Amino acid sequence: DSLEDINTDIITLPRFIIETQQNVKDAKGDFTLVLNALGFAFKFISQTIRKAELINLVGITGNTNSTGDEQKKLDVLGDEIFINAMKGSGIVKILVSEEQEDLIIFHHNDSKYAICCDPIDGSSNLDAGVSVGTICSIFRILPGSSGTTKDILRQGTEMVAACYAMYGASTHLMLTLGNGVNGFTLDNTLGEFILVHPDLRIPSQKSIYSINEGNTFFWSQTIIDFIEKLKRPEDNANDKPYSARYIGSMVADIHRTFLYGGLFAYPADTKNTHGKLRLLYEAFPMAMLIEQAGGKAVNDKGERILDLIPTHIHDKSSVWMGSCDDVDKYLKHINKL
Ligand code: AHM
Ligand code: MG
């Protein structure tokens, strides 16, 4: 590349936040601190995952043994990295993590936010080098609250922001502040997330379904019938069956859905009677991101995910989310449209 080709006016995550906050009345820079802490946690987890295989398998770095026995599991490390980053931000009062039974409260003066996260989602895929990610929902705590579950057991529509990081061939960050979705990619040499997908829109239709079909035996007849329909050429546009794509990492399956379109689902079944995915830090943030990009997100009954209210911090929900027309196809199937 010639030097003239270098873009010197790139939009980094901090720049994006500063410019966005300038349009928000009464913004005091608090949210910048939250995003800084999140960005740092994502970079740290990303680097740790990238080093992990070499550390564990061949002991190439550090003073670890070659069997990896004394290594902390990556999900534990990811959780610790995330907790410490949020604690260090000085602005987060409450943290819910998939890895922690109870909510964590940080005692800082003036801390205003509650973050719910799955630090390493899809961790069963880690040892095979398949993409995993971190998912987060962000609430502003209730006025005068000293930090209780009331600050987070709220309707999904009350989130002020949501994001996920995906640790794949590159590290990606998808972020919504309730005004569209913006996609960033980590430039490892700069150590900065760079805006690469401003105002990302999810395609309105794509004949892809993403579901763990190995669970068919546990599904209701309604769901079995619907998935069969997607496979029958005569029931679909252009007489074409849907393609199956399932990674088994929600972040990676949703990331593909953002870029290519299609339908991602994890329904309830006789094993997981409320579905498998967690409302506060999996279904909610992904539903907000999907809706903000022009898609839809509902549960098995066709109820909008963001209208649900959790009763416990680790509550689960069935999910059907993705391209508008593909989710509508499900809604029509269950007579909710
Ligand atoms: P985890 O939070 O324990 O990693 O589980 C969540 C993951 C999601 O990333 C993924 O969509 C789903 O579990 C896959 O489940 P299954 O293996 O049952 O298909
Ligand atoms: Mg998870």
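Cut-offs applied
- Residues numbered from 1 in each chain as written.
- Chains lettered and ligands numbered in written order.
- Predicted model: local features only at pLDDT ≥ 70, side-chain atom pairs only at ≥ 80, totals over all residues.
- UniProt positions renumbered as here; feature names shortened; annotations may be inferred.
- Near = placed C-beta within 6 Å.
- Nonpolar A, V, L, I, M, F, W, Y, C, P; charged D, E, K, R; others polar.
- Pairing = 2+ DSSP bridges.
- Helix = DSSP H or I, 4+ residues; strand = E, 2+ residues; numbered from the N terminus.
- Contact = placed C-beta atoms within 7 Å.
- Axes fitted to C-alpha atoms, helices over the stretch in contact; angles between N-to-C directions.
- Core = buried A, V, L, I, M, F, W, Y, C linked by C-beta atoms within 7 Å.
- Buried ≥ 20, exposed ≤ 12 C-beta atoms within 10 Å, placed from the backbone.
- Arc of directions from axis to C-beta.

With an unreviewed UniProt entry as reference, the protein is termed Fructose-1,6-bisphosphatase, source organism Maudiozyma exigua. Recorded in UniProt under Cofactor (unreviewed entry), the annotation for the protein is "Mg(2+)".

*Asks:* Would you take a moment to explain the site of ligand 1 for this structure?
*Replies:* Around ligand 1, the surrounding shell consists of E98, D118, D121, G122, S123, S124, N212, G248, S249, M250, Y266 and K276. Looking at side-chain class alone, the shell around ligand 1 contains 2 nonpolar, 6 polar and 4 charged residues.

*Asks:* Honestly, the sheet that holds strand 8 (residues 192–197) in this entry has me stumped. Any pointers?
*Replies:* Consider a sheet: its strands pair through backbone hydrogen bonds, and that pairing is either parallel or antiparallel. Taken in spatial order, the 8 strands make up an open sheet running 2-1-3-4-5-6-7-8, and their pairing is mixed. A single partner strand is all that each edge strand has here, and the edge strands are strand 2 (104–105) and strand 8. Summarising the sheet, strand 6 (residues 171–176) and strand 7 (residues 181–187) pair through 5 bridges and their orientation is antiparallel. Residue pairing for strand 7: H172 is matched across the bridge by T185. Against the sheet, helix 3 (residues 74–89) touches strand 1 (92–97), strand 2 and strand 3 (113–121), its axis set at about 160° to strand 3.

*Asks:* Honestly, the nonpolar core in this entry has me stumped. Any pointers?
*Replies:* The tendency in soluble globular proteins is for nonpolar side chains to be buried as a group. In terms of nonpolar packing, the biggest core is built from 91 residues, with I115, C136 and M286 touching the most fellow members. Excluding residues that lie within four positions of it along the chain, I115 makes contacts with M86, V92, L95, C136 and I138.

*Asks:* In this structure, what is going on with unusual backbone geometry? I would like to understand it.
*Replies:* Glycine aside, residues mostly have negative phi, and peptide bonds are mostly found in the trans state. One non-glycine residue, N238, adopts positive backbone phi at about 55°. Summarising the element assignment, N238 is placed in the loop between helix 4 (221–231) and strand 10 (243–244). Here N238 falls in the exposed class, since 6 other C-beta atoms lie within 10 Å of it. Even without being a glycine, N335 presents a positive backbone phi close to 60°.

*Asks:* How do you make sense of helix 7 (residues 324–333) when you look at a structure like this?
*Replies:* The α-helix advances 3.6 residues per turn, and as a result positions three or four apart in sequence lie on the same side. If you check which residues of helix 7 are buried, you get D326, V327, K329 and Y330. One face of helix 7 carries all of its buried residues, which in axial projection span an arc of 145°. Close packing links the buried residues of helix 7 with helix 4, strand 11 (263–266), strand 13 (296–298) and strand 15 (319–322). Two residues or fewer past helix 7, N335 is found with a positive phi of approximately 60°.

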